[in-house]
Every structure is written in C-alpha cells, then in structure tokens.
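# Working through the structure, step by step
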Amino acid sequence: GLGPDVVRKLREGRWAIQGAIDLHGLRTDEAREALGRFIRESHQHGLRCLRVVHGKGLGSPGRTPVLKGRVLRWLVQKKEVLAFVQARPAEGGAGALVVLLRPA
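Residues numbered from 1 in each chain as written. Predicted model: local features only at pLDDT ≥ 70, side-chain atom pairs only at ≥ 80, totals over all residues. Heavy atoms only, no water.

## Section: the sheet that holds strand 1 (residues 19-22)
- With mixed pairing, four strands are arranged side by side in an open sheet as 1-2-4-3. Because the sheet does not close on itself, it has two edges, and the strands there are strand 1 and strand 3 (81-86). Within the sheet, the average angular offset between the axes of one strand and its neighbour, ignoring direction, is 20 degrees.
- Direction of pairing for strand 3 relative to strand 4 (residues 96-101): antiparallel, over a ladder of five bridges. If you follow Gln 86 over to strand 4, its bridge partner there is Leu 97.
- Contacts from helix 1 (residues 4-12) reach strand 2 (49-53), strand 3 and strand 4, with the element oriented near 45 degrees to strand 3. (Pairing = 2+ DSSP bridges. Helix = DSSP H or I, 4+ residues; strand = E, 2+ residues; numbered from the N terminus. Axes fitted to C-alpha atoms, helices over the stretch in contact; angles between N-to-C directions. Contact = heavy atoms within 4.5 Å.)

## Here's the deal with the environment of Ile 17
- Relative to the helices and strands, Ile 17 resides in the loop between helix 1 and strand 1.
- On the basis of relative accessibility, which here comes to 29%, the residue Ile 17 falls in the partly exposed class.
- Along the backbone, Ile 17 and Pro 89 are 72 residues apart, and their C-alpha atoms lie at a distance of 14 Å.
- Residues in contact with Ile 17, not counting those within four places in the same chain, are Cys 49, Leu 50, Arg 51, Glu 91 and Val 98. (Buried < 20%, exposed > 50% of the residue type's maximum accessible area, 1.4 Å probe, protein only.)

## Focus on the pattern of salt bridges
- In this structure the tally under the stated criterion is seven salt bridges.
- Across the salt bridge formed by Arg 8 and Glu 12, the nearest N and O atoms sit 3.6 Å from each other. Of this pair, Arg 8 and Glu 12 both sit in helix 1, four residues apart, roughly one helical turn.
- With its nearest N and O atoms 2.9 Å apart, the salt bridge here joins Arg 14 to Glu 12.
- For Arg 14, a relative accessible area of 54% translates into the label exposed. (Salt bridge = Lys/Arg side-chain N within 4 Å of Asp/Glu carboxyl O.)

## Some words on the confidence of the model for the chain
- In this model, the chain carries an average pLDDT of 91, and 91% of its residues clear a pLDDT of 70 or more.
- At the level of individual helices and strands, the chain shows its lowest average pLDDT in helix 1, which scores 90, and its highest in strand 1, which scores 98. (pLDDT = per-residue confidence, 0-100.)

Following this line, the structure appears as structure tokens:
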C-alpha cells in the first residue's frame with residue numbers, strides 16, 4: 001500500500017535515521033525482545049526512520065548470519081513497521097536494515 005517513491009527514498013537514504021539498535025552479540029530471544037521494545041518505544045516517541053544492525057554473521061558458526069533472517073521475519077510482524085530496506089554501505093550494508101515506521 002506504499003507508493004514506490006517512499007521505498008525508493010528509503011533505499012536512497014533520503015530519510016534521516018533518528019534511532020538505531022545494534023543486536024550484535026545477543027541471543028535470538030534477547031534480540032527479539034530488544035527489537036520489539038526498540039520499535040515500540042521509537043514509535044511512541046514519534047520516530048519514523050530507524051537503523052537495525054543485525055550483523056553479517058562473520059562471527060557465527062559457519063560464518064552465516066543467524067539474526068538477519070529472523071529480524072526480517074520479526075519486522076513484517078510489527079504493525080508499527082511500514083517498510084524496510086537493506087542499509088546503504090555507509091550505514092551498515094548487508095549487516096543492517098533501515099526501517100520506516102508508521103506515523104504515531
């Protein structure tokens with residue numbers, strides 16, 4: 001239901017990032033709880049654009065990302081989330097997402 005310009009602007013970095021969370025080093029259950037709390041609180045404070053750092057999995061067994069896929073699944077379940085895209089290289093690239101929240 002979003003216009004293509006909204007996602008394009010998000011991908012191009014035209015939205016100012018107003019908050020960030022780094023989930024590196026957290027267990028899956030800790031990461032899910034921290035992400036949920038971060039999104040709820042950010043939405044309540046009227047923030048619209050966030051960065052979520054999940055890591056690239058370079059320190060994980062097999063060097064595969066554990067949190068990356070889970071964070072994607074968790075974000076689609078959040079009613080506050082309008083859209084998200086992979087971060088630009090300067091913002092974390094494949095190890096991070098830029099998330100757009102609904103207006104409060």
